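# Survey of secondary and tertiary structure
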Amino acid sequence: MAQISLTFPDGNARDFPAGVTPAEVAAGISNSLAKKAISATVDGKHWDMQWPIENNASIAIHTMRDDVQALELIRHDFAHVMARAVQSLWPDVKVTIGPVIENGWYYDFDRKEPFSTEDLATIEKKMKEIINLRDIVRTEVWDRARAVAFYEANNEPYKVELIEAIPGDEPLRMYWHGDWQDLCRGPHLQHTGQLPADAFKLMSVAGAYWRGDSDRAMLQRIYGVGFQNKEGLKAHLHMLEEAAKRDHRKLGREMDLFHMQEEAPGQIFWHPNGWTIYTELQDYMRRKQRAGGYVEVNTPQVVDRKLWEASGHWEKYQEHMFIVEVDEEHAREKSINALKPMNCPCHVQIFNQGLKSYRDLPLRMAEFGSCNRYEPSGALHGIMRVRGFTQDDGHIFCREDQIESETRIYIDFLSEVYRDLGFESFRVKFADRPEKRTGSDEIWDKAEEALLNATRAAGIEPEMNPGEGAFYGPKLEFVLTDAIGRDWQCGTHQVDFVLPERLDANYIAEDGAKHRPVMLHRATLGSFERFIGILIESHAGKLPFWIAPRQVVVAAIVSDADDYVQDVTAALTAGGVRAEADVRNEKINYKVREHSLGKVPVILAVGKKEVEDRSVSMRRLGEKHSTVILLDEIVNSLSVEAKAPDLL
RNA sequence: GCCGCAGUAGCUCAGUGGUAGAGCGCGUCAUUGGUAAUGACGAGGUCGGGAGUUCAAUUCUCCCCUGCGGCACCA
């Protein structure tokens, strides 16, 4: 029999007969390793303990101590055990797919009756029983005709469809957990008893379309989380509890920032505190953009559909626009308008006024553009995904050869803003050509190359987001994360060759002829609404001093200090600090607690002593102790602290 | 938009086929208290909206609206 050589992580190599499995290799090392082993890595590939190794290779054998491999296997096996539990409880349920995801797994089932919360508990119990059976996990490679026949016989149509989608040259792997069977690429644990029965939890049921296609069947997806041990699960659940406290919807109420109500779904009623954050952020962005060479404009809210037809949005997005019809009785002729869902067509109208010269390019045009989109009801989410929002929008009209440099300049601009706002790091995704698009491949090649070059020149290697570009051009997406780890696209930078064409934008070049400019769509915050949501969550409500809506509360300890409290408050206000007096008939403990819960960054307590000394007792949010400081000093230092980062 | 769950006082929530309750908050009074809740009293609800069943619906049924968790979508 042919021999192969396996090289271990310590560099030692040993010969084995070809076709040896990691299980046999482990058994050759020690009994305990053979028992503890969960999988192997063979030539960099995660490998099942049962899979034969045919050629010389490097090999590492994993136990539960190897986090990456252990977690992947645990979650994958949990998914199988869960599916087995479901089918043993409800034999008519059809199985589909069940992948590993961050922190856990899900499995999609086809079942007529909905799974209830009580069902989850029943399934969990069944899963524990299955784990206790310590059933051996077994795998075989089948040819596809046999597999198809098998699943047809078992009335599992989804599996048949999956097999048909697998490329013909790939082996089909069949797995058995005891007598339960699934099609799966593996690897898996050696037996179900290797699963930590006390370290998983089924979290929720949700609908999910078969193959992610909204025209196909709605399946029921059960989500679970799983870890190596009970502590891992406990830590995860605790993290979720903590994240819930940072939810912007909760903090928005507690800090009295905004509210939403039925009469205006997806739109925000900004309260004074929230609006202070908003305007502070807008003032900052306005200064930054002015410094960045932008001209600011403003354009109409209600625009005739003719313009949307010309831009191409009517055809593609009509369903998602708020339509405004003007009645014939009130107008000479009936006109159909739409609330603007975006600003770009209007910006082209401004560009088109008068003749533009190549000397005007690049022309950087910005607008705090208030937009309305009829977003699908299920998409709405707090203030992060809304129907009425304001973009810090901008369009750069430039020549093709300026795309790369303008992109580079923009990435630097955005990085500065994000850094100023406390986001030291952010993710950049590069979304390239989608299947449905306009423009030649040659143009797309150039646009994609320009974006990539500029991104890399800025020292950023973007994540690839294939096929997710806009229909008119590729884009960079600047992604931030909310409290529970969901991604939100905030900034964006997109190349557009189409709109200038459709709306007939042009400039006179050096050759005296008309040329078509390229448009770069870009938004830094994205929308104020979404960005503020992210800002609140990432700071857990404890916003940086300059942007905190209530910066200082001056609290009287005794009513004899009330007049002095007013003096202190006035001095701070004169110094550009948002300060409030609290002279209510309450104890200082009460006031400190209330303002701390309200996330006020600085509380200045004053009693008899402070009145005499012209001082204050300062307590910063989150600190246990207070410091006594002279009034003049605190006014000076807080005045500086209240300045936005670009003004320091 | 689709699947599931939910909607009771400003907030967090309990509860029932016979028109409702707690804590916090709010108001009044007393208290002048030194860094995360002083005490007493009081006001406050068309039980998301509409229809149906019933002698009687906040409770049961249906429809709608809104929210939440996913999925799909995101110019």
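Please refer to the structure higher up on the page.
Basis of the calculations
Residues numbered from 1 in each chain as written. Chains lettered and ligands numbered in written order. Predicted model: local features only at pLDDT ≥ 70, side-chain atom pairs only at ≥ 80, totals over all residues. Heavy atoms only, no water. Helix = DSSP H or I, 4+ residues; strand = E, 2+ residues; numbered from the N terminus. Buried < 20%, exposed > 50% of the residue type's maximum accessible area, 1.4 Å probe, protein only. Contact = heavy atoms within 4.5 Å. Areas by Shrake-Rupley, 256 points an atom, 1.4 Å probe, with all protein chains shown as cover. Phe/Tyr/Trp six-rings, centres within 6.5 Å; stacked < 30°, edge-to-face > 60°. Lys NZ or Arg CZ within 6 Å of the ring centre and 35° of its normal. Pairing = 2+ DSSP bridges. Near = heavy atom within 4 Å. Polar contact = N/O pair within 3.5 Å; in protein donor to acceptor, adjacent residues only side chain to side chain. Nonpolar A, V, L, I, M, F, W, Y, C, P; charged D, E, K, R; others polar. Salt bridge = Lys/Arg side-chain N within 4 Å of Asp/Glu carboxyl O. Core = buried A, V, L, I, M, F, W, Y, C linked by side-chain atoms within 4.5 Å. Expected span 1.5 Å × (residues − 1).

Moving on to the overall build of chain A. In terms of regular secondary structure, chain A is built from 20 helices and 33 strands. Seen through its C-alpha atoms, chain A measures out along the principal axes to roughly 90 × 75 × 60 Å. Sorting the 648 residues of chain A into buried and exposed places 50% on the buried side. Here the analysis covers contacts within chain A between residues at least 6 apart in sequence; of these, 67% occur between residues at least 24 apart. By element, 49% of the accessible surface of chain A is carried by carbon and sulfur atoms, the whole surface being about 31,200 Å².

This paragraph deals with the packing of aromatic side chains. One pass over the full model with this rule turns up 29 aromatic pairs. When the centroid spacing of 5.1 Å and the interplanar angle of 75° are considered together, the rings of Phe471 and Tyr472 count as edge-to-face. Here Tyr472 falls in the buried class, since its relative accessible area comes to 12%. Linked through ring pairs, Tyr294, Tyr410, Phe413, Tyr418, Phe423, Phe426, Phe478 and Phe531 together constitute an aromatic cluster. In this structure, Arg111 packs its charged tip against the face of Phe115, placed 4.7 Å from the ring centre. Geometry around Trp176 places Arg138 over its ring, the cationic atom sitting 4.3 Å from the centre.

For a regular strand, the rule is simple: side chains alternate between the two faces of the sheet. On strand 3 (residues 39-42), burial covers both faces: Ser39 and Thr41 on one face and Ala40 and Val42 on the other are all buried. As defined by bridge partners, strand 3 adjoins strand 4 (residues 45-47) across three bridges and the pair is classed as antiparallel. Bridging from a neighbouring strand, Thr41 pairs with His46 of strand 4. Following strand 3, the chain reverses through two residues before pairing antiparallel with strand 4; Asp43 in that reversal takes a positive phi of roughly 50°.

So, about the protein's contact with RNA strand B. Taken together, 57 residues sit near RNA strand B, with Ile557, Asn585, Arg593, Ser617 and Arg619 positioned nearest. Of all RNA strand B atoms lying within 4 Å of any protein atom, the proportion belonging to sugar or phosphate reaches 49%. Between RNA strand B and the protein, one listed contact pairs a sugar or linking oxygen with a side-chain N or O atom of Tyr223 at 3.0 Å. Contact between RNA strand B and Arg619: a sugar or linking oxygen at 2.4 Å from a side-chain N or O atom of the residue. When residues of the surface near RNA strand B are traced back to their parent elements, those giving at least two are strand 12 (200-209), strand 13 (218-226), helix 8 (248-254), helix 11 (313-317), helix 18 (588-597), helix 19 (608-613) and strand 32 (615-620). Ranked by residues supplied to the surface near RNA strand B, first place goes to helix 18 with seven residues. A class-by-class count of the residues in the surface near RNA strand B yields 23 nonpolar, 18 polar and 16 charged.

Moving on: the pattern of salt bridges. Summed over the entire model, instances satisfying the criterion amount to 42 salt bridges. Measuring nitrogen to oxygen at the nearest pair gives 3.2 Å for the salt bridge that ties Glu254 to Lys250. Pair noted here: Glu254 and Lys250 are both in helix 8, with a separation of four residues, about one helical turn. Ionic pairing is found between Asp487 and Arg427, a salt bridge with its closest N-O pair at 2.8 Å. With Asp487 in strand 25 (residues 487-496) and Arg427 in strand 22 (residues 427-431), this pair connects stretches of sequence that are 60 residues apart. Taking relative accessible area as the criterion, Asp487 reaches 35% and is therefore assigned partly exposed. If you follow the salt bridges from partner to partner, you end up with Arg433, Arg437, Asp441, Asp445 and Glu448 in one network.

By size, the foremost hydrophobic cluster in this structure holds 59 residues, and its most contacted members are Tyr418, Leu421, Phe478 and Phe531. Residue contributions to this core peak at seven residues, all from helix 13 (residues 403-420). Core analysis: the second largest hydrophobic core is formed by 29 residues, Ala85, Val95, Met127 and Ile131 among them.

What follows is about unusual backbone geometry. Of the consecutive residues Gly186 and Pro187, the connecting peptide bond is found in the cis state with omega at -5°. Residue Pro362 is reached from Leu361 by a cis peptide bond, and omega for that bond is -5°. Within the fold, Pro362 resides in the loop between helix 12 (344-351) and strand 20 (363-372).

With 17 residues, helix 14 (residues 441-457) extends 24 Å between its outermost C-alpha atoms, agreeing within 8% with the 24 Å of an ideal straight helix rising 1.5 Å per residue. Listing the buried residues of helix 14 in full gives Trp444, Ala447, Glu448, Ala450, Leu451, Leu452, Ala454 and Thr455. On its buried face, helix 14 sits against helix 13, strand 22, strand 23 (463-465), strand 24 (475-481) and strand 25. Just downstream of helix 14 lies Gly459, where phi reads positive at about 80°.

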